[in-house]
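Per-entry structural report
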Amino acid sequence: MTTIPHGPGLLRAAARNNAEWCAAVCGGGRFSASLWSSRRPAPPLYPDAVTLAPESSAAEVLAGVAAGTGRSVKDSFASLDLGPAGFEVLFEARWIHRPAGPAAAPAGGRLEWDEVEGPGELADWEAAWGDGEGGGTFHAGLLREGIVFLAGRDGGRITAGAVLSAGGGVVGVSNVFATTPADADGAWAAALDASAHHWPGLPVVGYEHGEDLDAALRAGFSPIGPLRVWLRTDRAAGVAAGLVRAVGP
């Protein structure tokens, strides 16, 4: 029987779910009780490490992140200070939660929703998600049980989407995108309906900020805790190098 997390355990479950999704995208990594870290540099827009518990220490995190600029850390409980190590806060966001169940209103709208099948459709989905830039972040191995790529189509062309991934006793919603605010509301509704279909009874979690957070709240989500994403930049890396030279190895 699946144990559904609640209270403080829900935050830990959300962090664990997100780390498992990041690990799937990155092709693995190392898990401890309080940290996931990638064995190699993560793809663009994905972290090199995700904290899994509020007691995660800066020392543990830094030991799990490869050297170099562009490395990022998802501080899942907004509890770390990585500034002295040459990191800067890239953005802050809120974990969100919604109890299990379909959307309060159907996805509706002008889009037709289905699930991505096969590498070709996945490449089309990624092109729409990335606004035509880049590619190769999402490998075909992600099209497996436990991960669902949703596509909202306008005349056959993908213009909106979301990813659902089960793990940690919850369903995580991520990578929600749409070309218009109305389609964004439809994307959240479609994600909730898909979650209720594939994993009935499991709560839904994720994290958002700005207008994307507003759309999630309209869909019935509630904020449950803060998070930060830290990034080591060229300038910050220079600060870190100066600190190393000043105090020694």
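Residues numbered from 1 in each chain as written. Predicted model: local features only at pLDDT ≥ 70, side-chain atom pairs only at ≥ 80, totals over all residues. Heavy atoms only, no water.

1. A look at the side chain of Ser76
Here is the rule we go by: By definition, any uninterrupted DSSP run of H or I lasting at least four residues is a helix, any uninterrupted run of E lasting at least two residues is a strand, and each is numbered from the N terminus. Between buried and exposed lies partly exposed: a residue is buried under 20% and exposed over 50% of the maximum accessible area for its type, with that area taken using a 1.4 Å probe on protein chains only. Only heavy atoms matter for contacts: two residues are in contact if any of them lie within 4.5 Å across the pair.
Structurally, Ser76 can be placed in the loop between strand E4 (72-75) and strand E5 (87-98). We classify Ser76 as buried; its relative accessible area is 0%. Once residues within four sequence positions are removed from consideration, Ser76 is found in contact with Ala15, Val50, Thr51, Trp95, Pro226 and Leu227.

2. Overview of the environment of Ala127
Mapped onto the fold, Ala127 is located in helix H3 (residues 118-129). Each C-alpha atom of the pair Ala127 and Thr159 lies 9.9 Å from the other, and the pair is 32 residues apart in sequence.

3. What about unusual backbone geometry?
If you check the backbone angles, Leu45 has positive phi at about 75 degrees while not being a glycine. Its location among the elements puts Leu45 in the loop between strand E2 (35-37) and strand E3 (49-51). Take Leu45: its relative accessible area is 75%, and that puts it in the exposed class. In this structure, Asn175 takes a positive phi of about 55 degrees despite not being glycine. You can call Asn175 buried: its relative accessible area is 13%.

4. Observations concerning the pairing of strand E9 (residues 170-178)
As a reminder, the rule being used: Any two strands between which DSSP finds at least two bridges are classified as paired.
Where burial is concerned, most of E9 is hidden: 8 out of the 9 residues are buried. Pairing of strand E8 (residues 157-167) with E9 involves 7 bridges; the strand directions are antiparallel. Pairing of Ala166 across the sheet is with Val171, part of E9. Where E8 folds back on E9, the antiparallel hairpin that results is connected by 2 residues, among which Gly168 adopts a positive phi of roughly 70 degrees. In this sheet, strand E10 (residues 204-208) lies alongside E9 in parallel orientation, the contact comprising 2 bridges.

5. As for the packing of helix H4 (residues 181-198) against helix H5 (residues 210-218)
Put simply, the test is: Each axis is a line fitted through C-alpha atoms, taken for helices only over the stretch in contact, and angles between the N-to-C directions span 0 to 180 degrees. Each angle receives one of four descriptions, namely roughly parallel if under 35 degrees, roughly antiparallel if over 145, roughly perpendicular if within 65 to 115, and oblique otherwise. A crossing counts as left-handed when the near helix is turned anticlockwise from the far one by less than a right angle, and as right-handed when that turn is clockwise.
Put simply, H4 and H5 touch, their axes get as near as 9 Å, and they point 55 degrees apart. One finds that H4 runs oblique with respect to H5. Regarding H4 and H5, the two cross each other, and that crossing is right-handed. Of H5, the residues touching H4 (which contributes Pro181, Asp185 and Trp188) are Asp212, Ala215, Ala216 and Arg218.

6. Quick look at the nonpolar core
Counted only if it meets this: As used here, the term nonpolar core means buried Ala, Val, Leu, Ile, Met, Phe, Trp, Tyr and Cys residues forming a set that is joined through side-chain atoms within 4.5 Å.
Core analysis: the biggest nonpolar cluster contains 24 residues, and Leu150, Leu164, Val173, Trp188 and Phe221 have the highest contact counts within it. Looking at this core, the elements with two or more residues in it are strand E7 (147-154), E8, E9, H4 and H5. In this structure Phe221 touches Ile96, His97, Arg98, Trp188, Leu192, Val204 and Ala216, once residues within four positions along its chain are discounted. Residues Ala19, Trp21, Ala23 and Ala42 belong to the second largest nonpolar core, which totals 23 residues.

7. With respect to the packing of aromatic side chains
We apply this condition: A pair of Phe, Tyr and Trp rings is counted when the ring centres sit within 6.5 Å of each other, with Trp represented by its six-membered ring. The angle between the planes then sorts it: under 30 degrees is stacked, over 60 is edge-to-face, the rest tilted.
Applying the stated rule across the entire model yields 12 aromatic pairs. Aromatic side chains Tyr46 and Phe138 sit 6.1 Å apart centroid to centroid with 85 degrees between the ring planes, which places their arrangement in the edge-to-face category. A residue pair is termed long-range when its members are at least 10 positions apart, and Tyr46 in the loop between E2 and E3 and Phe138 in the loop between H3 and E7 qualify at 92 residues. Residues Tyr46 and Phe138 agree in their burial class; the two are buried.

So yeah, pure geometry; function would need other evidence.
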